[in-house]
Amino acid sequence: MPEMHFRVRWPDDSENDCYSPSLVIKDYFTPGQHYPLADFMQRSREALNIASERVRAKYGFACSSAMDQLARLEATAARFAQQPDASVQVVRFD
């Protein structure tokens, strides 16, 4: 199963490298695009859950790495939840 990494930039200009066990991330994000925080998180939840389910379909168990990545995204996003104009940029796919 092809995995991929993607880099995101948060509202404070910090950046994180993220992981997906599936290329489905490419269906949800475009490199260089900025997404309102809530939209970014909704897309991340959908994409990483689909990716995890693809692992389950192939190997018989969900992908804990995808769920760990989602938890890290949720924790970081929570820091910016009170900023009404907060956006996240998907910098690139690796």
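Residues numbered from 1 in each chain as written. Predicted model: local features only at pLDDT ≥ 70, side-chain atom pairs only at ≥ 80, totals over all residues. Heavy atoms only, no water.

Caption draft 1: Structural context of the environment of Ser52. Relative to the elements of secondary structure, Ser52 occurs in helix α2 (residues 37-59). You can call Ser52 buried: its relative accessible area is 2%. Discounting chain neighbours no more than four positions away, the residues touching Ser52 are Pro21, Phe61, Ala62, Cys63, Ala66 and Met67. A distance of 3.0 Å separates a polar side-chain atom of Ser52 from the backbone nitrogen of Cys63. (Helix = DSSP H or I, 4+ residues; strand = E, 2+ residues; numbered from the N terminus. Buried < 20%, exposed > 50% of the residue type's maximum accessible area, 1.4 Å probe, protein only. Contact = heavy atoms within 4.5 Å. Polar contact = N/O pair within 3.5 Å; in protein donor to acceptor, adjacent residues only side chain to side chain.)

Caption draft 2: α2, seen in detail. Along its 23 residues, α2 runs 32 Å from first to last C-alpha, staying within 8% of the 33 Å computed at 1.5 Å per residue. Of the residues making up α2, those classed as buried are Leu37, Phe40, Met41, Ser44, Ala47, Leu48, Ala51, Ser52 and Val55. Contacts made by the buried residues of α2 are with β1 (4-9), β2 (15-20), α1 (25-28), β3 (34-36), α3 (64-78) and β4 (87-93). Positive phi shows up at Gly60, right after α2, with a value of about 90°. (Expected span 1.5 Å × (residues − 1).)

Caption draft 3: Representation of the packing of aromatic side chains in the model. Under the definition given, this model contains 6 aromatic pairs. Judged by centre distance (6.0 Å) and plane angle (15°), the rings of Trp10 and Phe80 are stacked. In this pair, Trp10 is assigned in the loop between β1 and β2 and Phe80 in the loop between α3 and β4, connecting sequence segments 70 residues apart. Each of the two residues, Trp10 as well as Phe80, counts as buried. Site record: aromatic cluster; members linked through ring pairs are Phe6, Trp10, Phe29, Tyr35, Phe40 and Phe80. (Phe/Tyr/Trp six-rings, centres within 6.5 Å; stacked < 30°, edge-to-face > 60°.)

Caption draft 4: Looking closely at the pattern of salt bridges. Applying the stated criterion across every chain yields a total of 8 salt bridges. The partner of Arg9 in a salt bridge is Glu15, with the nearest N and O atoms 2.4 Å apart. Among the residues examined, Glu15 registers a relative accessible area of 27% and is labelled partly exposed. Across the pair Arg79 and Asp12 runs a salt bridge whose closest N-O atoms are separated by 2.8 Å. One end of the pair, Arg79, is in the loop between α3 and β4; the other, Asp12, is in the loop between β1 and β2, and 67 residues separate them in sequence. Of the residues examined, Arg79 reaches a relative accessible area of 51% and is grouped as exposed. Accessibility expressed as a relative area gives 41% for Asp12, which makes it partly exposed. Through salt bridges with shared partners, a single ionic network connects Arg7, Arg9, Glu15 and Asp17. (Salt bridge = Lys/Arg side-chain N within 4 Å of Asp/Glu carboxyl O.)

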